[in-house]
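# Topology and contacts: notes
Spelled out from the first residue to the last, the chains are:
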Amino acid sequence: MGLDSPFLAADCLVALRDRCLESTDETACTARETLLFADGGYIIRCGWAKVVTFADPATCAIESVAGRCEAGLEDTQLDCGNRCNDGNSLQFSLRADVSGAELIEMGCATNGNYIDGPLGAHAAVGAEPKEFGTTCIDGVKPPAPPLCDCAPTACGAEWDE
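Residues numbered from 1 in each chain as written. Predicted model: local features only at pLDDT ≥ 70, side-chain atom pairs only at ≥ 80, totals over all residues. Heavy atoms only, no water.

Another aspect to go through is the overall build of the chain. On a plain count of helices and strands, the chain comes out with three helices and six strands. Relative to the globule expectation of 15 Å for 161 residues, the C-alpha radius of gyration of the chain, 15 Å, shows essentially globular dimensions. With the C-alpha coordinates of the chain rotated into their principal frame, the extents come out at 45 × 35 × 25 Å. Taking all 161 residues of the chain together, 40% fall into the buried category. (Helix = DSSP H or I, 4+ residues; strand = E, 2+ residues; numbered from the N terminus. Rg over C-alpha atoms; globule rule 2.2 N^0.38 Å. Buried < 20%, exposed > 50% of the residue type's maximum accessible area, 1.4 Å probe, protein only.)

If you want it as structure tokens, here you go:
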């Protein structure tokens, strides 16, 4: 597309995510070729994410816990941390997909770097703000969705990697 940044076009972000979603296991996911924009200023990588889907978000009743290949932005200056135990920070938090009743814990890059995601149309420059954001932390605008109240349950859920 000739973009210096994938964040300038929502359809680009959707295509990047769809590319990662094609991989159905962790090995294939993490083996996907890394894509570079702006001479490496933006590193887009597929990462294996823990996805907790809730049957009833009001009670935090879990429907399923599975792995899924998601697209994210690699940060070469930040080591991968624990999104459940590293405090209430923008980087180290779960992400919510309210429409899917999912809390997502992004995986790390194979080199140990942090991956921010999942990417999608919501991350595009100029995307319409929604009532709630996707980051499960306090004090952000728009605020974290009520689904984030289920974060402790999602963090404690076991899954087969």
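What follows is about the layout of surface pockets. As a volume, the largest pocket reaches approximately 940 Å³. In this structure, the largest pocket is lined by 31 residues; those nearest its centre are Ala 96, His 122, Ala 123, Gly 133 and Thr 134. Every element with two or more residues in the lining of the largest pocket is listed here: α1 (10–21) and β4 (95–97). The residue makeup of the lining of the largest pocket, split by class, is 16 nonpolar, seven polar and eight charged. The computed volume of the second largest pocket comes to approximately 170 Å³. Lining the second largest pocket we find 14 residues, and of these Trp 48, Glu 105, Met 106, Gly 107 and Cys 108 sit closest to its centre. Secondary structure elements with two or more residues in the lining of the second largest pocket: α2 (26–31) and β2 (42–56). Residues belonging to the lining of the second largest pocket are distributed by class as follows: five nonpolar, four polar and five charged. (1 Å grid on protein atoms, 1.4 Å probe; cavity = no way out; pocket = protein on both sides within 12 Å on 5 of 7 lines; lining within 4 Å. Points joined across faces, edges and corners; volume = space filled by probe spheres on them. Nonpolar A, V, L, I, M, F, W, Y, C, P; charged D, E, K, R; others polar.)

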